[in-house]
Amino acid sequence: MGKPRTAVGRCLRTHEELKSTFPDARCELDFESPFQLLVATILSAQATDKSVNKATPKLFKIYDTPERLAVAEIPEIEKLIKSIGLFRSKAKNLKGMARKLIVDFDSQVPNGMDDLVSLPGVGRKTANVVRSVALGLPGLPVDTHVTRIVQRMGITGESDPVKIERVVGEMLPSDAQGEFSLRVILHGRQVCFARNPNCTECILNYFCPNAFKV
DNA sequence: ATCCCGAGGG
DNA sequence: CCCTCTGGAT
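Caption draft 1: Expanded view of the protein's contact with DNA strand B. Looking at DNA strand B, there are 17 residues lining it, with Thr 126, Asp 143, His 145, Arg 189 and Arg 195 nearest. Within 4 Å of the protein, the contacting atoms of DNA strand B are drawn from sugar and phosphate to the extent of 58%. One of the side-chain N or O atoms of Asp 49 is found 3.4 Å from a base nitrogen in DNA strand B. In this structure, Gly 123 approaches DNA strand B through a main-chain N or O atom, which is 3.1 Å from a phosphate oxygen. Broken down by secondary-structure element, the contributors of at least two residues to the surface near DNA strand B are helix 8 (124–134), helix 9 (144–152) and helix 11 (177–190).

This is how it looks when you write it as structure tokens:
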């Protein structure tokens, strides 16, 4: 196989190659419902999945529904999520999110991007995780890794995450967007570091425009 | 010391 | 656009 020569080609080839490295890439947050994944994803900002998974069992034991969470005492939530970090804003957001779910969305996690993003603590990255992982809908979570790697791979020159989401999303089958994101993130964490990427060990180096240059 | 699979606010 | 929020891993 030759090198892909277009942006779309590089995007699809990137995903194909990463499939062999990460065959069963999956969301590593523990959850049993869309509501739980929404909570876990809000908590995962600037934190590891492991630390979130350590805290959520107790949290879900007490606050297992929007109704319970909506009337929780903020300090009680803070106590349960303290080890995750950013606990004050996250506790406030969780309670506000639950209240809005009840008031505006009949206690159900909404499907639409605009609705999801209207919830406290939910940005596009979180909304796309919920859509692609819990709801089985198209969704391309764009984080710092995805942003860096699509740029390095010459998939798009865009730096605005919202534009990346749209442009790269259009290059992929809608049911592959979530997996693409998951795999690219793993690649970013294990090989294509922000500084000193390990190009020698990179499975994509044969067509990466920036291999051995960064 | 520095970095995380972000989001809100100024 | 830049700052802040936070603990834990490395």
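Caption draft 2: Focus on the protein's contact with DNA strand C. Taken together, Gln 46, Lys 82, Ser 83, Gly 85, Leu 86, Phe 87, Arg 88 and Ser 89 make up the full set of residues near DNA strand C. Taking all atoms of DNA strand C within 4 Å of the protein, the share assigned to sugar and phosphate is 67%. Considered class by class, the residues forming the surface near DNA strand C number 2 nonpolar, 4 polar and 2 charged.

Caption draft 3: Molecular detail of the packing of helix 9 against helix 11. The interhelical angle for the contact between helix 9 and helix 11, taken along N-to-C directions, is 85 degrees, at an axis separation of 8 Å. By the angle class used here, helix 9 and helix 11 are roughly perpendicular. Residue-level inspection shows His 145, Val 146, Arg 148, Ile 149 and Val 150 of helix 9 in contact with helix 11, the latter providing Phe 180, Ser 181, Val 184, Ile 185, His 187, Gly 188 and Arg 189. A breakdown of the residues in the contact of helix 9 with helix 11 according to their chemical character gives 6 nonpolar, 4 polar and 2 charged.

Caption draft 4: Highlighting the packing of helix 1 (residues 7–21) against helix 11. Taken N-terminus to C-terminus, the directions of helix 1 and helix 11 make an angle of 70 degrees; their axes are 10 Å apart at the nearest point. Overall, the two elements helix 1 and helix 11 adopt an arrangement that is roughly perpendicular. With respect to the hand of their crossing, helix 1 and helix 11 are arranged in left-handed fashion. Between helix 1, through Cys 11, Thr 14, His 15, Leu 18 and Lys 19, and helix 11, the contact on the second element is made entirely by Glu 179, Phe 180, Arg 183, Val 184 and His 187. Split into classes, the residues belonging to the contact of helix 1 with helix 11 amount to 4 nonpolar, 3 polar and 3 charged.

Caption draft 5: Focus on the pattern of salt bridges. Scanning the entire structure with this criterion turns up 6 salt bridges. Salt-bridge contacts for Glu 16 lead to Lys 19; the nearest nitrogen and oxygen are separated by 3.1 Å. Within this pair, Glu 16 and its partner Lys 19 are both found in helix 1, separated by 3 residues, close to a single helical turn. A residue is classified by how much of its surface remains accessible, and Lys 19, at 31% relative accessible area, is partly exposed. With a shortest N-O distance of 3.1 Å, Glu 179 and Arg 183 are connected by a salt bridge. Pair noted here: Glu 179 and Arg 183 are both in helix 11, with a separation of 4 residues, about one helical turn. The class for Glu 179 is partly exposed, based on a relative accessible area of 34%. By relative accessible area, which is 3% here, Arg 183 ends up buried.

Caption draft 6: Representation of the state of the cysteines within the structure. Under the criterion given, the structure shown has 0 disulfides. Free cysteine: Cys 11, not disulfide-bonded; nearest cysteine sulfur from Cys 208 at 14 Å. Take Cys 199: it sits in no disulfide, and the sulfur closest to it among the cysteines is that of Cys 208, at 6.3 Å. Relative accessible area serves as the criterion here: at 13%, Cys 199 is assigned to the buried category.

Caption draft 7: Here's a closer look at unusual backbone geometry. One non-glycine residue, Gln 46, adopts positive backbone phi at about 55 degrees. Within the element layout of this structure, Gln 46 appears in the loop between helix 2 (34–43) and helix 3 (49–62). Judged by its relative accessible area of 77%, Gln 46 is exposed.

Caption draft 8: Region of the structure containing the packing of aromatic side chains. On inspection of all chains with the given rule, the structure shows 1 aromatic pair. Aromatic pair Tyr 206 and Phe 207: ring centres 4.9 Å apart, planes at 65 degrees, arrangement edge-to-face.

The rules behind these values
- Residues numbered from 1 in each chain as written.
- Chains lettered and ligands numbered in written order.
- Predicted model: local features only at pLDDT ≥ 70, side-chain atom pairs only at ≥ 80, totals over all residues.
- Heavy atoms only, no water.
- Near = heavy atom within 4 Å.
- Polar contact = N/O pair within 3.5 Å; in protein donor to acceptor, adjacent residues only side chain to side chain.
- Helix = DSSP H or I, 4+ residues; strand = E, 2+ residues; numbered from the N terminus.
- Nonpolar A, V, L, I, M, F, W, Y, C, P; charged D, E, K, R; others polar.
- Axes fitted to C-alpha atoms, helices over the stretch in contact; angles between N-to-C directions.
- Parallel < 35°, antiparallel > 145°, perpendicular 65-115°, else oblique.
- Contact = heavy atoms within 4.5 Å.
- Left-handed = near helix turned anticlockwise from the far one by under 90°.
- Salt bridge = Lys/Arg side-chain N within 4 Å of Asp/Glu carboxyl O.
- Buried < 20%, exposed > 50% of the residue type's maximum accessible area, 1.4 Å probe, protein only.
- Disulfide = S-S within 2.5 Å.
- Phe/Tyr/Trp six-rings, centres within 6.5 Å; stacked < 30°, edge-to-face > 60°.

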